[in-house]
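Coordinate inspection notes
Spelled out from the first residue to the last, the chains are:
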Amino acid sequence: FLYEQPAFPESEYIFKHALTQDVAYGTVLQEQKKQLHERTGRVLEQLYTDTLEDHYGELAHHYQRSGNTEKAIEYLQKAGQQALQRSANAEAIGHLTAALDVLLTRPETPARQHQELRLQVTLGPALFAAKGYSAPETEQVFMRAWALCQQLGETTHLPYVLGGVCILQAARGNWQSARQVAEERLRLASSTQEPTTLVEAHSTCGHMYSWAGDFPAARAHLEQSLTLYETPSVRSRLYYLGWEIGVFSRALLSLGLWWLGYPEQALRRQHEALTLAHDLSHPYSLAHALVFAADLFRYRGDGHAVQQWAESAIEVCTAHEFAFYLGWSTVQRGWALVVQGHGEEGVRQIEESMAAWRRVSPGATLWPILLATRTDAYALIGQVAAGLRAVEEELTRDKREESWCDAEFYRLKGELTLQLKTSHEQVEDKPRTSRSTSEAEACFLKAIEIAQRQQAKSWELRATTSLARLWQTQGKIDEARQRLAEIYNWFTEGFDTKDLQEAKVLLEELT
């Protein structure tokens with residue numbers, strides 16, 4: 001019935017067939033099973049005192065079946081934390097969910113509530129990675145954790161829980177609500193002046209201010225977070241909501257610097273994020289850095305680089321089942337294919353990925369960055385009807401708040417509206433007349449207005465270039481040159497990027 005299997009330091013024995021094991025196990029009386037599992041767990045603890053962390057999964061298995069709920073919860077939680085550190089999120093979810101199931105069989109007391117809170121905050125990051133930022137399971141965990149904090153008057157985990165609630169709000173497009181929660185989190189951290197909590201709080205504010213379109217404030221918070229991160233009072237590596245915070249803040253800051261008009265500084269920060277992520281060998285942080293690198297190069301107009309970074313991200317995300325970043329990176333690869341001349345295949349990948357993303361995160365608002373990428377792809381291959389439907393769907397969505405991408409949405413709407421005049425597609429309620437030109441001009445002016453309010457110089461440059469090109473066709477040469485020269489001359493770096501090169505060529509034509 002058994003095989004002897006050489007192993008170190010002693011041989012191991014396994015059943016020749018799983019069915020034999022199942023039948024043998026089934027013949028043991030229930031009470032005897034519990035006793036045997038309990039004895040096995042205690043022997044494992046004695047045998048492997050110095051290397052107990054290598055056996056958390058086995059210990060959890062035996063104590064879970066022994067009826068010893070205290071030990072079962074302890075080792076299920078440890079096994080879940082261990083799996084989370086390896087980015088084995090499905091395994092972590094299994095262990096931690098099982099621990100909660102066992103815990104909830106015990107009488108409800110403050111001690112049980114404290115233990116449940118610890119399990120919920122450990123489970124949250126695993127669900128973020130595996131299910132996405134707005135999956136019902138993810139929301140349930142963080143809202144339950146928040147309720148427990150309020151019931152218990154617990155402040156130790158509250159800042160962490162508020163960080164998760166911020167992301168839930170942002171995933172639904174509630175940027176201002178997310179920012180308010182982030183500000184509350186910063187107030188809590190400031191009241192204690194605990195360095196690690198301050199690093200996390202400033203990073204959270206930078207995150208939420210970015211998505212709300214307040215780029216200067218976002219930059220200030222992210223730079224403050226990184227300054228504190230480098231101080232001796234903070235431990236060398238901080239893992240927060242699944243990411244390593246030094247990687248996360250650098251990667252997000254790189255996009256913020258591009259939006260603010262500093263392409264070269266953005267590249268340096270992105271390089272730092274990627275270097276740190278590779279050094280840490282932490283898959284979720286690496287996926288984050290790779291996806292943000294692909295986005296930065298998309299802004300720079302480098303389709304080849306976008307495809308390289310996106311495919312690297314897809315490889316990591318597929319191996320570790322990171323649902324959210326897998327969808328994002330597949331959209332990026334689709335865009336890269338479009339700009340490299342494979343329009344139909346690229347758009348197909350984008351549409352399939354976004355449909356899958358909706359299934360993973362039901363009820364969530366698709367991130368504007370994905371919608372803008374899709375709309376840009378439609379514009380690049382001349383699918384005017386699809387592009388206009390996509391941008392109108394986003395801009396007219398119920399209870400919509402202004403996002404960091406709105407300047408780009410209005411610019412794209414203007415470009416697509418101009419394409420109507422030469423398109424063979426029939427677009428409902430969109431006549432091919434001079435009204436198209438005036439509507440496009442209004443879109444470009446709206447894009448410039450939003451970009452100026454956000455101090456988003458790169459968005460402003462794009463929209464102004466589109467407006468100047470339109471005015472050129474209308475003979476408004478002086479107005480076009482003056483408007484474009486003003487924003488172009490603001491820049492002090494990044495003159496090798498596609499946007500600045502196109503603006504330069506247009507200025508020369510207007511001179």
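Scroll up for the structure.
Now for a description of the structure that goes with this document. Only a predicted model underlies this, so the values are computations on that prediction, with no experimental measurement involved.

Broken down by element type, the protein chain carries 24 helices and four strands. In terms of its C-alpha atoms, the protein chain occupies a principal-axis envelope of roughly 90 × 55 × 40 Å. When burial is assessed residue by residue, the protein chain has 55% of its 511 residues classed as buried. Expressed as a percentage of contacts within the protein chain between residues at least 6 apart in sequence, the contacts between residues at least 24 apart total 61%. Approximately 22900 Å² of the protein chain is accessible, and the part contributed by carbon and sulfur atoms is 50%.

On to the nonpolar core. Judged by nonpolar contacts, the single largest core of 138 residues is most densely connected at Tyr 133, Tyr 325 and Trp 367. Top contributing element to this core by residue count: helix H14 (residues 283-300), with 12 residues. Leaving out residues up to four positions away in the same chain, Tyr 325 has contacts with Tyr 133, Trp 243, Tyr 284, Ala 287, His 288, Val 291 and Cys 317. Residues Ala 72, Ile 73, Leu 84 and Leu 119 belong to the second largest nonpolar core, which totals 27 residues.

The terminal C-alpha atoms of helix H9 (residues 175-192) lie 26 Å apart, and with 18 residues this matches the ideal 26 Å at 1.5 Å per residue to within 8%. Among the residues making up H9, those that are buried are Trp 175, Ala 178, Val 181, Ala 182, Arg 185, Leu 186 and Ala 189. Across the axial projection of H9, the buried residues extend over an arc of 145°, all falling on one side. Residues of H9 that are exposed and point more than 90 degrees away from the buried face comprise Gln 180, Arg 187 and Ser 191. Packed against the buried residues of H9 are helix H8 (158-171), helix H10 (195-211), helix H11 (215-229), strand E3 (239-240) and helix H18 (368-380). Of the residues trailing H9, Gln 193 is marked for its positive phi of about 60°.

Another point: the pairing of strand E1 (residues 2-5). Pairing analysis gives four bridges linking E1 to strand E2 (residues 12-15), with the strands arranged antiparallel. For Leu 2, the partnering residue across the bridge sits in E2 and is Phe 15. Connecting E1 to the antiparallel partner E2 that follows it, the hairpin turn spans six residues.

Before going further, it helps to examine the packing of helix H20 (residues 406-419) against helix H22 (residues 457-473). For the pair H20 and H22, interaxial distance at closest approach is 9 Å and the crossing angle is 20°. The angle between H20 and H22 places the two elements in the roughly parallel class. The handedness of the crossing between H20 and H22 is left-handed. In this structure, H20 contributes Ala 407, Glu 408, Arg 411, Glu 415 and Leu 418 to the contact, and H22 contributes Trp 459, Arg 462, Ala 463, Ser 466, Arg 469 and Leu 470. Of the residues that constitute the contact of H20 with H22, the class distribution is five nonpolar, one polar and five charged.

What follows is about the environment of Ser 203. Note that Ser 203 resides in helix H10. Here the alpha-carbon distance between Ser 203 and Leu 84, two residues 119 residues apart in the chain, equals 21 Å.

Judged by its relative accessible area of 1%, Ser 203 is buried. There is a polar contact of 2.9 Å between the side chain of Ser 203 and the side chain of Ser 249. Every residue in contact with Ser 203, bar those within four places of it in the chain, is listed here: Leu 222, Ser 225, Ile 245, Phe 248 and Ser 249.

This part takes up H8. Each α-helix turn comprises 3.6 residues. Residues three or four places apart therefore point the same way. Here H8 contains 14 residues, and its C-alpha end-to-end distance of 20 Å stays within 8% of the 20 Å for a straight helix at 1.5 Å per residue. Counting buried positions along H8 gives 13 out of 14 residues, so the element sits mostly inside the fold. Backbone geometry just after H8 places Gly 173 at a positive phi near 80°.

If you walk through the whole model with that rule in mind, you get 23 aromatic pairs. On the numbers, 6.1 Å between centres and 40° between planes, the contact of Tyr 56 with Tyr 75 is tilted. A residue pair is termed long-range when its members are at least 10 positions apart, and Tyr 56 in helix H3 (residues 56-66) and Tyr 75 in helix H4 (residues 69-85) qualify at 19 residues. You can call Tyr 75 buried: its relative accessible area is 2%. Here Trp 211 and Trp 259 contribute two aromatic rings whose centre-to-centre distance is 6.2 Å and whose plane-to-plane angle is 70°, an arrangement assigned as edge-to-face. Of this pair, Trp 211 sits in helix H10 while Trp 259 sits in helix H12 (residues 245-260); the two residues are 48 residues apart in sequence, bridging distant segments of the chain. Connected via pairs of aromatic rings, a cluster forms that spans Trp 175, Trp 211, Phe 215, Trp 258, Trp 259, Tyr 299, Trp 404 and Trp 459. Over the ring of Tyr 209 we find Arg 179; its NZ or CZ atom is 4.9 Å from the centre of that ring. Between Lys 446 and the ring centre of Tyr 410, over which it is positioned, the NZ or CZ distance is 5.9 Å.

All right, on to the packing of H12 against H22 then. Packed helices, taken two at a time, are described by the angle between their axes plus the distance between the axes. Relative orientation of the contacting elements H12 and H22 amounts to 45°, with a least axis distance of 4 Å. Taken together, H12 and H22 sit at an angle that is classed as oblique. Only Lys 457, Ser 458, Trp 459 and Arg 462 of H22 make contact with H12, whose side of the interface consists of Trp 258, Trp 259 and Leu 260. Residues that form the contact of H12 with H22 fall into these classes: four nonpolar, one polar and two charged.

Conventions and cut-offs
- Residues numbered from 1 in each chain as written.
- Predicted model: local features only at pLDDT ≥ 70, side-chain atom pairs only at ≥ 80, totals over all residues.
- Heavy atoms only, no water.
- Helix = DSSP H or I, 4+ residues; strand = E, 2+ residues; numbered from the N terminus.
- Buried < 20%, exposed > 50% of the residue type's maximum accessible area, 1.4 Å probe, protein only.
- Contact = heavy atoms within 4.5 Å.
- Areas by Shrake-Rupley, 256 points an atom, 1.4 Å probe, with all protein chains shown as cover.
- Core = buried A, V, L, I, M, F, W, Y, C linked by side-chain atoms within 4.5 Å.
- Expected span 1.5 Å × (residues − 1).
- Arc of directions from axis to C-beta.
- Pairing = 2+ DSSP bridges.
- Axes fitted to C-alpha atoms, helices over the stretch in contact; angles between N-to-C directions.
- Parallel < 35°, antiparallel > 145°, perpendicular 65-115°, else oblique.
- Left-handed = near helix turned anticlockwise from the far one by under 90°.
- Nonpolar A, V, L, I, M, F, W, Y, C, P; charged D, E, K, R; others polar.
- Polar contact = N/O pair within 3.5 Å; in protein donor to acceptor, adjacent residues only side chain to side chain.
- Phe/Tyr/Trp six-rings, centres within 6.5 Å; stacked < 30°, edge-to-face > 60°.
- Lys NZ or Arg CZ within 6 Å of the ring centre and 35° of its normal.

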